[in-house]
Amino acid sequence: MSWRVVAERDVRDPFRSLSALVLFGLFGLLFAAAGYLGSSGGGGVAPLLASVASAIVPLAGYGICYGVVAGKRQDGSLRVFLSLPHSRRDVVLGSAIGRAVVLALAVTVGFLLALLVFVAAGGSGFDPSAFLGTWALACLFAVTVVGVGVGISAAARTTGRAVAGVAFAYVLFVAAWNWIPSLVRYVAAGFRFPTGPTPTWATAFTYCNPERAYSVLTTAVVGGPSPPTTAAYTTPGFALAVLVAWAVAPLALGYLAFERGDL
């Protein structure tokens, strides 16, 4: 299949420069530090690894994805590439799969180094199921971030717009998402601060954030405080659906915009 050729190329590209070395080195350093800190605590290493992945995966994922389509579109190399037996769908799908593999490899390297440091430092209380579950969820989170990043890159005409798009996505998911229901309620109340209990839809909306979904899933794996309600949107099943939806929907929308746009 033609998308496999694109995916293989996008997996190899970072290794032809220093970008893969920087990426793997950064993940290795941060996860190794988490492994060392986890060896001296009593809570195990998995919660620390989940926290590190939550912080670094979005930054690294958007960083390696913003130019994967938009950069080639801007410098004209995409026209040459599409003159070969590759379709635009192959470009988008192959780029997403290739970058997802690279980011998942970085996560895997980080987890392995964290485990080695944890053992070397004499850590105790290691839970294999929590470790493997956290690793799998971090890889899934990486796939979600790549779906968003490649979708933005496919929809953008220039790398500048792609950078703005991924920066907006990062701020939206990390800092601004939970404020959106409050802003909607503020406007709906006639630009007055709303009073009374928080509506169900507003609470449910906060759980549609991929960052929140990843947190819900990791909490279910490593243990943690129970959600304040037993509503369906607080369950791990809903969180898993949110991560999958964010991996697929932006990629599909980016492809549609890319398919209809001029090169």
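Residues numbered from 1 in each chain as written. Predicted model: local features only at pLDDT ≥ 70, side-chain atom pairs only at ≥ 80, totals over all residues. Heavy atoms only, no water.

Draft legend 1. Quick look at the overall build of the protein chain. The helix and strand inventory of the protein chain stands at twelve helices and zero strands. Reading the protein chain from its N terminus to its C terminus gives the helix and strand order α-α-α-α-α-α-α-α-α-α-α-α. What you see for the protein chain is a C-alpha radius of gyration of 20 Å, in line with the 18 Å of a compact globule of 263 residues. Summarising its shape, the C-alpha atoms of the protein chain cover approximately 60 × 55 × 30 Å along the three principal directions. Within the protein chain, the fraction of its 263 residues that count as buried is 44%. (Helix = DSSP H or I, 4+ residues; strand = E, 2+ residues; numbered from the N terminus. Rg over C-alpha atoms; globule rule 2.2 N^0.38 Å. Buried < 20%, exposed > 50% of the residue type's maximum accessible area, 1.4 Å probe, protein only.)

Draft legend 2. Structural detail: helix 3 (residues 46–65). The end-to-end C-alpha distance of helix 3 is 27 Å, a good match for the 28 Å that 20 residues give at a rise of 1.5 Å each. Helix geometry: helix 3 is bent most strongly at I56, by close to 30 degrees, with proline P58 lying one to four residues after it. (Expected span 1.5 Å × (residues − 1). Bend = angle between axes of the 7 residues up to and from the residue.)

Draft legend 3. Molecular detail of the state of the cysteines. For the structure shown, the criterion picks out zero disulfides. Its sulfur unpaired, C139 is 14 Å from the next cysteine sulfur, which belongs to C65. (Disulfide = S-S within 2.5 Å.)

Draft legend 4. Structural detail: the nonpolar core. By size, the foremost hydrophobic cluster in this structure holds 64 residues, and its most contacted members are L23, F27, F31, L49, V57, L103 and V150. Here L23 is in contact with A60, I64, V102 and A106, once residues within four sequence places are set aside. (Core = buried A, V, L, I, M, F, W, Y, C linked by side-chain atoms within 4.5 Å. Contact = heavy atoms within 4.5 Å.)

Draft legend 5. Structural context of the confidence of the model for the protein chain. Taken residue by residue, the protein chain gives an average pLDDT of 91. The fraction at 70 or more is 98%. Predicted confidence in the protein chain is weakest over helix 5 (residues 77–82), with a mean pLDDT of 76, and strongest over helix 7 (residues 128–155), with 97. (pLDDT = per-residue confidence, 0-100.)

Draft legend 6. Region of interest: the pattern of salt bridges. A full pass over the atoms with the stated rule returns three salt bridges. Notably, a salt bridge pairs D10 with K72, separated by 3.9 Å at the nearest N-O pair. Note that D10 is positioned in helix 1 (residues 2–12) and K72 in helix 4 (residues 70–75), a separation of 62 residues in sequence. Relative accessible area serves as the criterion here: at 0%, D10 is assigned to the buried category. (Salt bridge = Lys/Arg side-chain N within 4 Å of Asp/Glu carboxyl O.)

Draft legend 7. Geometry of the packing of aromatic side chains. A complete count under the given rule lists 14 aromatic pairs for this structure. Geometrically, the ring pair formed by F141 and Y214 is stacked, given 4.6 Å between the ring centres and 10 degrees between the ring planes. Remark: Y214 occurs in helix 11 (residues 210–222) and F141 occurs in helix 7; sequence separation between them is 73 residues. Accessibility classification places F141 together with Y214 in one group, the buried group. (Phe/Tyr/Trp six-rings, centres within 6.5 Å; stacked < 30°, edge-to-face > 60°.)

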